[in-house]
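Spelled out from the first residue to the last, the chains are:
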Amino acid sequence: MEKTASTPIQLFRGMTADELAALRAAHCIRVQRYDKNALIYHAGRVVHEIGIVQSGSVNVESNDLWGNKSILSHVEAGQAFAETYALCGEPLMVDVAAAEPCEILWLDLVPMLQQQNTAASWYPKFLHNLLLLSMQKNLALSQRIRCTTPKSARGRLLTYLSAQAVRAGSTHFSIPFDRQQLADYLNLDRSALSKELGKMRDDGLIRCRKNEFELCGTELSPILKATPHNSRLAACFVQLVGFQQADHFGDIGLDGAPLLAARLFAAQTLVGFVHDM
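The structure presented is a predicted model; accordingly, all values stated were derived computationally and were not measured. (Residues numbered from 1 in each chain as written. Predicted model: local features only at pLDDT ≥ 70, side-chain atom pairs only at ≥ 80, totals over all residues. Heavy atoms only, no water.)

Points about the packing of helix α5 (residues 153-168) against helix α7 (residues 190-202)
Okay, step 1: The interhelical angle for the contact between α5 and α7, taken along N-to-C directions, is 75°, at an axis separation of 10 Å. Compared by their axis directions, α5 and α7 come out roughly perpendicular. Contact with α5, carried on its side by Ala153, Arg154, Leu157, Leu158 and Leu161, involves Leu193, Glu196, Leu197, Lys199 and Met200 of α7 and no other residues of that element.
Okay, step 2: The residue inventory of the contact of α5 with α7, partitioned by class, reads seven nonpolar, no polar and three charged. (Axes fitted to C-alpha atoms, helices over the stretch in contact; angles between N-to-C directions. Helix = DSSP H or I, 4+ residues; strand = E, 2+ residues; numbered from the N terminus. Parallel < 35°, antiparallel > 145°, perpendicular 65-115°, else oblique. Contact = heavy atoms within 4.5 Å. Nonpolar A, V, L, I, M, F, W, Y, C, P; charged D, E, K, R; others polar.)

Some remarks on the pairing of strand β11 (residues 212-215)
Okay, step 1: On β11, burial follows the alternation: Phe213 and Leu215 on one face are buried, whereas Glu212 and Glu214 on the facing-out side are not.
Okay, step 2: Both strand β9 (residues 172-174) and β11 contribute to a ladder of three bridges, which runs antiparallel. Paired with Ser174 across the strands is Glu212, a residue of β11.
Okay, step 3: As consecutive antiparallel partners, strand β10 (residues 206-209) and β11 are separated by two residues, and within that stretch Lys210 has a phi angle of approximately 55°, a positive value. (Buried < 20%, exposed > 50% of the residue type's maximum accessible area, 1.4 Å probe, protein only. Pairing = 2+ DSSP bridges.)

Side note on the layout of surface pockets
Okay, step 1: Roughly 350 Å³ of volume is contained in the second largest pocket.
Okay, step 2: Lining the second largest pocket are 19 residues, with Glu83, Thr84, Tyr85, Lys137 and Leu141 sitting closest to its centre.
Okay, step 3: Counting only elements with at least two residues in the lining of the second largest pocket, the list comes to β5 (69-76), β6 (80-81), α2 (83-88) and α4 (122-148).
Okay, step 4: With five residues, the single largest contributor to the lining of the second largest pocket is α4.
Okay, step 5: Looking at the lining of the second largest pocket residue by residue, the class counts come to 13 nonpolar, four polar and two charged. (1 Å grid on protein atoms, 1.4 Å probe; cavity = no way out; pocket = protein on both sides within 12 Å on 5 of 7 lines; lining within 4 Å. Points joined across faces, edges and corners; volume = space filled by probe spheres on them.)

Examining the nonpolar core
Okay, step 1: Residues Leu11, Phe12, Ile40, Phe81, Leu107 and Phe126 are the most contacted members of the largest nonpolar core, which totals 38 residues.
Okay, step 2: What Phe12 contacts, discounting residues up to four positions off in sequence, is Leu20, Leu23, Ile29, Ile52, Leu105, Leu107 and Asn129.
Okay, step 3: Listed in part, the 24 residues of the second largest apolar core include Ala165, Ala183, Leu205 and Leu215. (Core = buried A, V, L, I, M, F, W, Y, C linked by side-chain atoms within 4.5 Å.)

Dropping the structure here:
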């Protein structure tokens, strides 16, 4: 199902209607639609536009010369991509492909960053939002590194599913990937991933159907349930807490499930503290 941005686009946050109109008048903005699997950006290209997903979603992918693909990140409606390459002028080292039919709003940095615009009221707001976006992208890439660090398929799945549960604020959640895309994201063979999911289901660790998952034997803290809008920040704190997932629950016994809940509770408590400051 195609998703549409239901919140203000992050790079435009804090801007007035008049400021957005000024950007359009300066020919900084254009919109284009893409079909599913369409290649939006290809590796090696030098770009000067930031892409913002208005509807649908896209995948940022790494493809080698032998045809092996790895999904580095999934960009949903309201989120942006290629901002680092557009600012630095370096050739792309990744591909960007439409995960589903999508509409992309393009921001051209060449006219936006001209000297005469530095006095415009929208200019500092844009730079502020761009800095926040870059920091969030760093966290997203850090999360993927954590997900691919465990040596076993089960370890990678548990790390990824734990983070998704915190992000959703529930042990019952959906993920943005199908099986092949999840395998690509976790750097796993699809058959190995499907086999391990079956074992985890048989072991009573998860319930799953297509992209719907439920974690069994653990629950999230009341803090996160009461403040679901902090779920994304909570996912960041999971990294700061330094939770080290064993390669599979067999390494630490089923008591590992309460251990996971305890670590998540610590992270969520930090989030509650920051929220109340």
